[in-house]
Amino acid sequence: MLRTSPRSAGRLRVGTDSPLALAALPAAVALVRRRLPHIRAELVPDTSAHGVDALFEGRYELAVVADAAPDPRLDLIPLFDEELVALVTPTHRLAGRVALGAGDLRVEQLAIHSARPTDHRWLSEKLAAAGLEPMRLTTVTLTEAIIGLAEAGEAVAILPRAVAETAIRAGRVTALRIGQGLRRRWQLITLATGVSALHVQCFASAVQQVAADAVAPKGPTLTPSNPPRAVTRSA
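Residues numbered from 1 in each chain as written. Predicted model: local features only at pLDDT ≥ 70, side-chain atom pairs only at ≥ 80, totals over all residues. Heavy atoms only, no water.

Student: Quick question: what am I supposed to make of the overall build of the protein here?
Tutor: In terms of regular secondary structure, the protein is built from seven helices and 11 strands. When burial is assessed residue by residue, the protein has 50% of its 235 residues classed as buried. Partitioning the intrachain contacts of the protein with sequence separation of at least 6 by distance along the chain shows that 82% fall at a separation of at least 24. Accessible surface computed for the protein: about 11000 Å², of which carbon and sulfur atoms make up 55%. (Helix = DSSP H or I, 4+ residues; strand = E, 2+ residues; numbered from the N terminus. Buried < 20%, exposed > 50% of the residue type's maximum accessible area, 1.4 Å probe, protein only. Contact = heavy atoms within 4.5 Å. Areas by Shrake-Rupley, 256 points an atom, 1.4 Å probe, with all protein chains shown as cover.)

Right, dumping it as structure tokens:
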């Protein structure tokens, strides 16, 4: 269970190793500042360091990461489950499908977001298990560029549904389920003796609210833990 620590009493730095997650954090930090005005909540915008490593190095007190590996030195609280979908132009040969099936990508270029090698490996393993190895894999830094490649018919793209929701609703691209469904769980993590449970749960609630607001017109594509559950120790 998390305990109050003097080193985190007045300052709460949060960071992530995901450029996609980083986009949602400024609004969450602003909520925390309003709810806990006595705490100096700060966003660390550098995504170059692995989130867990940055915690151990003291770069920040809280990290937002996906599918964190169990570690007895860490406490974590689940934030929400996020669905990844395949995006194609509406005239693509696969556009009439509900979901991608085995072999569907063997002649396709696949565009994904630039990420750490471990993230690429996770996605490659999931696609291979579903029989969805592409002919070629391209990594792209900008989210809008990934959507643009799919819209132009130059690639099949993979992005979180919530990130691509505006383009999907505008008819620029069509979304397909990946196999039986591909999801990842976002978590808020901190050192086991680092930050008070009140501050962790306040920030978790803020992230969940921002995530829910992002998909409010469509429904709960991001499935939050509501209200935030008690912080648990990694095994």
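Student: Looking at this structure, how should I read helix α4 (residues 117-129)?
Tutor: Spacing of three or four residues puts side chains on the same side of an α-helix, whose turn is 3.6 residues. Here α4 is 13 residues long and its end C-alpha atoms lie 18 Å apart, about the 18 Å a rise of 1.5 Å per residue gives. Remark: Gly131 follows α4 within two positions and exhibits a positive phi of approximately 70 degrees. (Expected span 1.5 Å × (residues − 1).)

Student: Help me understand the pattern of salt bridges in this model?
Tutor: One pass over the full model with this rule turns up 13 salt bridges. For Glu42, the salt bridge goes to Arg40, with nearest N and O atoms at 3.0 Å. Residue Glu82 pairs with Arg184 through a salt bridge whose shortest N-O separation is 2.7 Å. Note that Glu82 is positioned in strand β4 (residues 74-88) and Arg184 in strand β9 (residues 174-191), a separation of 102 residues in sequence. In this structure Glu82 comes out as buried when scored by relative accessible area, which is 8%. Overlapping salt bridges bring together Arg11, Arg40 and Glu42 as one network. (Salt bridge = Lys/Arg side-chain N within 4 Å of Asp/Glu carboxyl O.)

Student: Just checking my understanding: could you explain the nonpolar core for this structure?
Tutor: What tends to happen in soluble globular proteins is that the nonpolar side chains get buried as a cluster. Val32, Leu62, Val64, Leu79, Leu188, Phe203 and Val207 are the most contacted members of the largest nonpolar core, which totals 27 residues. Here this core takes eight residues from helix α7 (residues 197-214), the largest share from any one element. Setting aside anything within four residues of it in sequence, one finds Val207 in contact with Leu25, Ala28, Leu79 and Phe80. Membership of the second largest hydrophobic core comes to 17 residues, among which are Leu94, Leu100, Leu127 and Ile158. (Core = buried A, V, L, I, M, F, W, Y, C linked by side-chain atoms within 4.5 Å.)

Student: Any chance you could explain the environment of Thr16 here in plain terms?
Tutor: Here Thr16 lies in strand β1 (residues 11-16). Its relative accessible area of 0% is what places Thr16 among the buried residues. On a C-alpha basis, the gap between Thr16 and Ser48 in space is 8.9 Å, while along the polypeptide they are 32 residues apart. Leave out the neighbours within four places in its chain, and Thr16 touches Ala21, Leu22, Leu25, Asp46, Thr47, Tyr60 and Val64. Here the side chain of Thr16 touches Ser18 through a polar contact of 3.2 Å, landing on its backbone nitrogen. Here the side chain of Thr16 touches Val64 through a polar contact of 2.7 Å, landing on its backbone oxygen. (Polar contact = N/O pair within 3.5 Å; in protein donor to acceptor, adjacent residues only side chain to side chain.)

Student: It is not clear to me how the environment of Thr143 should be interpreted in this structure. Could you clarify?
Tutor: Mapped onto the elements, Thr143 comes out in helix α5 (residues 143-151). Between the alpha carbons of Thr143 and Ser114 there is a distance of 9.3 Å; along the sequence they are 29 residues apart. Those residues in contact with Thr143 that lie beyond four places of it in its chain are Leu20, His113, Leu159 and Val163.

Student: Honestly, the pairing of strand β8 (residues 156-160) in this entry has me stumped. Any pointers?
Tutor: Residues in a regular strand point their side chains to alternate faces of the sheet. The buried count for β8 comes to five of five residues, which makes it a mostly enclosed element. With four bridges connecting them, β4 and β8 associate as antiparallel partners. The residue bridging Ala86 from the neighbouring strand is Ile158, located in β8. Relative to β8, strand β6 (residues 109-113) runs parallel, the two being bridged by two bridges. Bridge pairing in β8 links Ala111 to Ala157. (Pairing = 2+ DSSP bridges.)

Student: What is the right way to look at the environment of His38 in this model?
Tutor: With respect to the helices and strands, His38 occurs in the loop between α2 (25-35) and β2 (40-43). If sequence neighbours within four positions are ignored, His38 has contacts with Gly10 and His199.

Student: For this particular structure, what's the right way to read helix α6 (residues 161-169)?
Tutor: Of the residues making up α6, those classed as buried are Arg161, Ala162, Ala164, Glu165, Ala167 and Ile168. In this fold, the buried residues of α6 make contact with β4, α5, β8 and β9. Gly171 sits one or two positions beyond α6 and adopts a positive phi of about 80 degrees.

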